[in-house]
Amino acid sequence: MENRDLIKNAVKYINNLGANSTNIDEVAKKAGFSTDYFNRIFRNYTGFNVMEYVKFRKLNRAARMLRTSPGRDILSIALDCGYESHEGFTRAFKEQYGKTPSEYRENMKDKPLVWADNELNATAVSEFRHVLSDFSEKDADEAIDWLLEKDAKRFGYTAVTIAINGSKIVSDKDSFEGGFVTVDNFYENPHLTLILADLSDLRNYIDKLILFRPAHINCIFQKDVSFDDVKASLGGVNFKSIKEINETMYFGEPFVLPEESKKYDIHLLEFRDLDAVEEFINCHNDMVFRRTGGYGLKNLLLKPIEERPLSQPFGVFDGKKLLAVSYDAPQSTHGFCLNNCVSTPNLPDTPNDAIKYLYLTATNAAMGKGYIPFEDSQFDNYAKEHGGFDAFELGFERVNSVYSIGF
């Protein structure tokens, strides 16, 4: 196993520590290195020395607890994250976040938790630059501004994704116009997005980026290119799959549901629906969906309305039976607001029209909050299993295409 894989295993070990204490000798032993050598190569790959990263992850875990458990005592969170006193925890937390734990909780109470808050990318850019040293890190806010100024309609979703994921931006060019890469590291599994002017530089970039051993490279272009031309440009590259993903937005008027939709009860899910929601979750055939309480739906309904995030789920009922639920995802960055898809988990044999009316209701609600409906999943097989309609049929407009290359 090469150094990079051993470092990744060490990072995973640290991420799973929770409140447990450790020292550099223990982590180095886990990785199979001498302490001095391990600390040096750990910094080369991650940008942290070992104990700095241990501290970073513990405090990052504390920050998430402060946001997701608003009623929990701060000392209890400190103890759960390996700190023995309120004072020591407060001092360390302020060093990392610039605020005391109570100030941080107050400042973040009205802000929804996003992927970036998990800091899963904390070591990604350092690992990337260790492998590809001719790339330098760029400012993510500047990249977002450039995308929105270039073409907000075409690149709005990409800009929002950078902000929500906490993506790191790297480039071997002096300007964003020449091309750049977003680096995301979800659970030690690197994903890259390559943004280029056209196809002329694609092969050159792919040959470089595969040295980082990404799971996927998503390719986005500043002008339309065809699937066949993208595939032809990859001649000689050893990849497992390539697919084209439509990115679409809806710019029309709110949908008018037909009179026949009234045969179903469609409403915003509330605490009074908890029994029906529990039955729905237990009857769903997806084990992850069951284990997570319907992707957190049960926990959401247990929260007071004022503590819920901006996203709100709807349900479609036939009598007292819940047939399907909707998940929206209002997201924004630098003033650009979109709703990142409406998903509709449903029970087997749910009528297609029930799912469609639910989808339209949730989409209207998103528009009512000022978010442009965005869709890249309500197509093909997913669409067949979730209402039998695709986004184009509803009037969504293709704004861009992503070419996802799997390795």
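Each remark here, short or long, concerns the structure printed above.
Right, let's get into the pattern of salt bridges. Applying the stated criterion across every chain yields a total of 21 salt bridges. Ionic pairing is found between D207 and R203, a salt bridge with its closest N-O pair at 2.9 Å. Here R203 and D207 lie together in helix α10 (residues 202-209), a separation of four residues that amounts to about one turn. On the basis of relative accessible area, R203 is assigned to the partly exposed category, the value being 30%. Linking D353 and K263 is a salt bridge whose minimum nitrogen-to-oxygen distance equals 3.0 Å. Placement of D353 in helix α15 (residues 352-368) and of K263 in the loop between β6 (241-249) and β7 (265-268) is noted, with a sequence separation of 90 residues between them.

One open sheet accounts for three strands, arranged β7-β8-β9; its pairing is antiparallel. The open sheet terminates on both sides in strands that have one partner only, identified here as β7 and β9 (321-325). In this sheet, adjacent strand axes meet at a mean angle of 30 degrees when their direction is disregarded. Sheet analysis places β7 next to strand β8 (residues 314-318), joined by four bridges and oriented antiparallel. Looking across to β8, one finds that I266 is bridged to V316. Packing of α15 onto the sheet brings it into contact with β7, β8 and β9, and relative to β8 it is tilted by some 150 degrees.

This brings us to a negative patch on the surface. A cluster of acidic side chains, namely E137, D139, D141, E142, D145 and E149, defines a negative patch on the protein surface. No other element matches the four residues that helix α9 (residues 140-165) contributes to the negative patch. Examined against the element boundaries, E149 turns out to sit in helix α9. Residue E149 is classed as exposed on the basis of its relative accessible area, which comes to 67%.

Closest axis-to-axis distance for the helix α2 (residues 24-31)/helix α3 (residues 35-46) pair is 9 Å, and the angle between their directions is 85 degrees. In terms of orientation, α2 lies roughly perpendicular with respect to α3. Residues I24, D25, V27, A28 and A31 of α2 touch α3, and the partners they reach there are T35, F38 and N39. The residue inventory of the contact of α2 with α3, partitioned by class, reads five nonpolar, two polar and one charged.

What follows concerns the packing of aromatic side chains. A full pass over the atoms with the stated rule returns 25 aromatic pairs. On the numbers, 6.1 Å between centres and 20 degrees between planes, the contact of Y53 with F56 is stacked. Pair noted here: Y53 and F56 are both in helix α4 (residues 50-68), with a separation of three residues, about one helical turn. Each member of the pair, Y53 as well as F56, carries the same accessibility label: buried.

Where helix α1 (residues 3-15) contacts α4, the axes come no closer than 9 Å and their chain directions differ by 40 degrees. Considered as vectors, α1 and α4 are oriented oblique to each other. As α1 runs across α4, the sense of the crossing is right-handed. Counting all contacts with α1, which are made through V11, I14 and N15, the residues of α4 involved are V50, Y53, V54 and R57. Split by residue class, the contact of α1 with α4 holds five nonpolar, one polar and one charged.

In this section: the state of the cysteines. Per the counting criterion, the structure on display carries zero disulfides. Between C219, a cysteine without a disulfide, and C341, which holds the nearest cysteine sulfur, the sulfur-to-sulfur distance is 20 Å. For C219, a relative accessible area of 0% translates into the label buried. For C337, which is in no disulfide, the shortest distance to another cysteine sulfur is to C341 and amounts to 16 Å. Looking at C337, the relative accessible area reads 25%, which means it is partly exposed.

Scoring rules and cut-offs
Once a new chain begins, its residue numbering starts again from 1 and follows that chain's sequence as written. Given that the model is predicted, a residue must reach a pLDDT of at least 70 before its local features are reported, and side-chain atom pairs must reach 80 or more before they are shown or counted; all residues, however, enter totals for whole chains, interfaces and linings. Side-chain numbers here rest on the full set of heavy atoms in the structure, without hydrogens or water. For this document, the term salt bridge refers to a Lys or Arg side-chain nitrogen within 4 Å of an Asp or Glu carboxyl oxygen. A run of H or I in DSSP becomes a helix once it reaches four residues, and a run of E becomes a strand once it reaches two; helices and strands are each numbered from the N terminus. Residue exposure (1.4 Å probe, protein chains only): buried if accessible area is under 20% of the type maximum, exposed if over 50%, otherwise partly exposed. Strand pairing is defined by DSSP finding a minimum of two bridges between the two strands. Every axis in this analysis is a line fitted to C-alpha atoms, fitted for helices over the stretch in contact. Angles between the N-to-C directions lie between 0 and 180 degrees. By definition, residues are in contact when any of their heavy atoms lie within 4.5 Å. Residues enter patches when they are more than 30% accessible in relative terms and free of salt bridges; like-charged ones are connected within 9 Å and nonpolar ones (Val, Leu, Ile, Met, Phe, Trp, Tyr) within 5 Å. Here, Shrake-Rupley sampling with a 1.4 Å probe gives the accessible areas, and only protein chains in the shown set may cover a residue. Positive: Lys, Arg. Negative: Asp, Glu. His and the chain ends are not part of the count. Charge placement uses NZ in Lys and CZ in Arg. For Asp and Glu, CG and CD serve respectively. Relative orientations are named as follows: roughly parallel for angles under 35 degrees, roughly antiparallel for angles over 145 degrees, roughly perpendicular for angles from 65 to 115 degrees, and oblique for any other angle. Amino acids outside the nonpolar list (Ala, Val, Leu, Ile, Met, Phe, Trp, Tyr, Cys, Pro) and the charged list (Asp, Glu, Lys, Arg) are all regarded as polar, and Gly is one of them. Between rings of Phe, Tyr and Trp, where Trp is taken as its six-membered ring, a pair exists when centres lie within 6.5 Å; planes separated by under 30 degrees are stacked, by over 60 edge-to-face, and by other angles tilted. The handedness criterion is simple: a crossing whose near helix is rotated anticlockwise from the far helix by less than a right angle is left-handed, and one whose near helix is rotated clockwise is right-handed. Two cysteine sulfurs form a disulfide in these notes if their separation is within 2.5 Å.

Geometry only, nothing functional implied.
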